[in-house]
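Below are the chains, spelled out letter by letter.
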Amino acid sequence: MSTSKEEKAKALFLEGYNCTQAVVGAFAEEIGLEKEKILNIASSFGGGMGRLREVCGSVSGMFFVAGALYGYHDPKDLEAKKVHYARIQELAAQFQNLYGSIVCRQLLGIAGEDTNPTPSARTEEYYKKRPCVEIVGTAARLMEEYLATHPVSAK
């Protein structure tokens, strides 16, 4: 069963936004920032961090949303850090249980690092070869499910 955030994230990805932008953009209203500002901030994380194929941009998107909604701001609040890092590890584990990795190149079956900054053209062939649209949707669904079971407290 798909969720509204899952469908929204997929639609954003299919519009051409990178994986992080698609996940974060699906939660723009909850985060409370202008959509354009959120998309700018998230733009660096697509392609596994600037197309370096490191942590999957969809996973980075989940973490971005979690930080915006649940994150801490006091550097001395070690308990808040611990709670937030546990949250991030939980989200990562859920994703990894589904896909076997949170690393972009492993999810795409790419050997080694890809430092070519040129994004791939979004053609029909691109979408046939890549699992990205489904991965983006899954990340948004996992975040939406987390939000449903962990209401955001007023700060």
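Everything in this summary refers to the structure shown in the same document. (Residues numbered from 1 in each chain as written. Predicted model: local features only at pLDDT ≥ 70, side-chain atom pairs only at ≥ 80, totals over all residues. Heavy atoms only, no water.)

## Brief notes about the packing of aromatic side chains
Quick reminder of the rule: Only rings of Phe, Tyr and Trp enter the pairing, Trp through its six-membered ring, and a pair is recorded when the two centres are within 6.5 Å. The plane angle decides the type: under 30 degrees is stacked, over 60 is edge-to-face, the rest tilted. Every helix listed is a DSSP run of H or I at least four residues long, and every strand listed is a run of E at least two residues long, numbered separately from the N terminus. We count a charge as sitting over a ring when the NZ of a lysine or the CZ of an arginine lies within 6 Å of the ring centre and within 35 degrees of the ring normal.
Following the criterion strictly, the structure yields three aromatic pairs and no others. When the ring of Y72 is compared with that of Y85, the centres are 6.2 Å apart and the planes differ by 75 degrees; the resulting orientation is edge-to-face. In this pair, Y72 is assigned in the loop between helix 6 (57–70) and helix 7 (78–99) and Y85 in helix 7, connecting sequence segments 13 residues apart. Against the face of F27 rests K5, its NZ or CZ located 5.4 Å from the ring centre.

## Let's talk about the packing of helix 7 against helix 10 (residues 132–149)
Just so we agree on the cut-off: A fitted line through C-alpha atoms represents every axis, and for helices the fit uses only the stretch in contact; the resulting angles, taken between N-to-C directions, go from 0 to 180 degrees. To sort the angles, those under 35 degrees are grouped as roughly parallel, those over 145 as roughly antiparallel, those from 65 to 115 as roughly perpendicular, and the leftovers as oblique. Whether a crossing is left-handed or right-handed is set by the direction in which the near helix is turned from the far one by less than a right angle, anticlockwise for left-handed and clockwise for right-handed. Any two residues whose heavy atoms approach within 4.5 Å at even a single point are treated as in contact. Three categories are distinguished: nonpolar for Ala, Val, Leu, Ile, Met, Phe, Trp, Tyr, Cys and Pro, charged for Asp, Glu, Lys and Arg, and polar for the others, with Gly belonging to the last.
Viewed as axis vectors pointing N to C, helix 7 and helix 10 meet at an angle of 140 degrees, and their least axial separation amounts to 11 Å. Judged by the angle between their axes, helix 7 and helix 10 are oblique. As for the relative orientation of helix 7 and helix 10, their crossing is right-handed in sense. Between helix 7 and helix 10, the residues in contact are R87, E90, L91, Q94, F95, L98 and Y99 and E134, I135, T138, A139, R141, L142, M143 and Y146, respectively. Its residues assigned to classes, the contact of helix 7 with helix 10 comprises nine nonpolar, two polar and four charged.

## With respect to the pattern of salt bridges
As a reminder of what qualifies: Any Lys or Arg side-chain nitrogen found within 4 Å of a carboxyl oxygen on Asp or Glu counts as a salt bridge. Only protein chains enter the accessibility calculation, which uses a 1.4 Å probe; a residue whose area is less than 20% of its type maximum is buried, one above 50% is exposed, and one in between is partly exposed.
Applying the stated rule across the entire model yields eight salt bridges. E30 is the salt-bridge partner of K5, the closest N and O atoms lying 2.7 Å from each other. With K5 in helix 1 (residues 4–15) and E30 in helix 3 (residues 28–31), this pair connects stretches of sequence that are 25 residues apart. Judged by its relative accessible area of 12%, K5 falls in the buried class. Among the salt bridges present, the one from E124 reaches K128, with a minimum N-O distance of 4.0 Å.

## Focus on the nonpolar core
How we decide: What we call a nonpolar core is a set of buried Ala, Val, Leu, Ile, Met, Phe, Trp, Tyr and Cys residues that are connected through their side-chain atoms within 4.5 Å.
Ranked by internal contacts, the top residues of the largest apolar core, which has 40 residues, are F13, F27, I31, M62, F95 and M143. Secondary-structure elements contributing two or more residues to this core are helix 1, helix 2 (19–26), helix 3, helix 4 (35–42), helix 6, helix 7, helix 8 (104–108) and helix 10. The element best represented in this core is helix 10, accounting for 10 residues. Aside from chain neighbours lying at most four places away, what touches F13 is N18, C19, A22, R122, Y126, Y127, C132, V133 and V136.

The quantities given are spatial measurements derived from coordinates; they are silent on function.
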